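# An overview of the molecular structure
So the chains spell out like this:
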Amino acid sequence: MRLVLFDCDGTLVDSVRLIHEVMARTFVDFGYKRPDVSATKSIIGLSLDIAIARMQGKPHVDDEAIAMTAHYKSIFPGVRDEADMQTPLFDGIKPLIETLIGREELLLGAVTGKSRRGLTHILEVNGFTPYFVVSRTADDCPSKPHPAMVTECCAETGTDPHDTIVIGDAIYDMQMAKAAGATAIGVSWGYASVEELLVAGADAIAHHPNDLLSHIL
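Below is a short write-up of the structure. Predicted, not measured: the structure shown is a model, and the values here were computed from it.

### So, the overall build of the protein chain
Within the protein chain, the secondary structure is distributed over 10 helices and six strands. The C-alpha atoms of the protein chain give 17 Å as radius of gyration, which agrees with the globular expectation for 217 residues (17 Å, within 12%). Counting all 217 residues of the protein chain, 51% fall into the buried class. When contacts within the protein chain are restricted to residue pairs at least 6 apart in sequence, those whose partners lie at least 24 apart make up 62%. Side chains of the protein chain carry 18 positive and 30 negative charges; the gap between the two charge centres is 3 Å.

So, in structure tokens, the structure goes:
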């Protein structure tokens, strides 16, 4: 058996508009200037408290970052329900998943900096819940690039990291995969550049979901 672990934001779904809007409102509510979208893109993939601290230029999470994290989480559902704040699947993702679930030798999972509630929502809305047999979120493990998300998914499914593929759009995904001993496949449709993904350790780059098939099957 082989295990295929997908990042969520920037890999399965295009969520930068929503994440940035919630982040921007959080910063404004705490008396800060509205951050630029490029700042938000740079931290997508990290656990939320670490992401906020990093956007503030802090070396570690402090009490304010913890308070801002709680505020972000409290306003997130309301912003998500606004008409122009949807998080659609990237083109080609649904057919890709439909192809992969037909292969008996593959197990699918998710490794994400989202909360457990956030990941559950994405999987349920897109009908993926029955097919993702294992997952780790920011509620379960240390933030990426720590390898725990990958190694715990491997342990739960009885899969060796060398038989595991991590697919993501962020440098933290690539670093996490390599730290765990897994194969790292970067995707160019997300929020990091191809060059950044390669420097972070990507073994290959996919430019469309269909490209992933040659690395998985």
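### Looking at the nonpolar core
Core analysis: the biggest nonpolar cluster contains 51 residues, and F6, M23, I93, F132, I167, L212 and I216 have the highest contact counts within it. In terms of residue count, helix 1 (residues 16–29) provides more of this core than any other element does, six residues in total. Not counting the four nearest positions on each side in its chain, I216 is found in contact with R2, V4, L100, L106, I165 and I167. Grouped together as the second largest cluster of nonpolar side chains are 23 residues, L5, V111, A184 and I205 included.

### A look at the sheet that holds strand 4 (residues 164–168)
Overall, parallel pairing links the six strands, which are arranged 3-2-1-4-5-6 in an open sheet. Pairing within the sheet leaves two strands with one partner each, and these edge strands are strand 3 (132–136) and strand 6 (204–206). If you compare each strand with its neighbour and ignore which way they point, the axes differ by 25° on average. When strand 1 (residues 2–6) meets strand 4, the two strands line up parallel, connected through four bridges. Among the inter-strand pairings, V4 is bridged to a residue of strand 4, identified as I165.

Conventions we followed
- Residues numbered from 1 in each chain as written.
- Predicted model: local features only at pLDDT ≥ 70, side-chain atom pairs only at ≥ 80, totals over all residues.
- Heavy atoms only, no water.
- Helix = DSSP H or I, 4+ residues; strand = E, 2+ residues; numbered from the N terminus.
- Rg over C-alpha atoms; globule rule 2.2 N^0.38 Å.
- Buried < 20%, exposed > 50% of the residue type's maximum accessible area, 1.4 Å probe, protein only.
- Contact = heavy atoms within 4.5 Å.
- Lys, Arg positive; Asp, Glu negative; His and termini not counted.
- Charge placed at Lys NZ, Arg CZ, Asp CG, Glu CD.
- Core = buried A, V, L, I, M, F, W, Y, C linked by side-chain atoms within 4.5 Å.
- Pairing = 2+ DSSP bridges.
- Axes fitted to C-alpha atoms, helices over the stretch in contact; angles between N-to-C directions.

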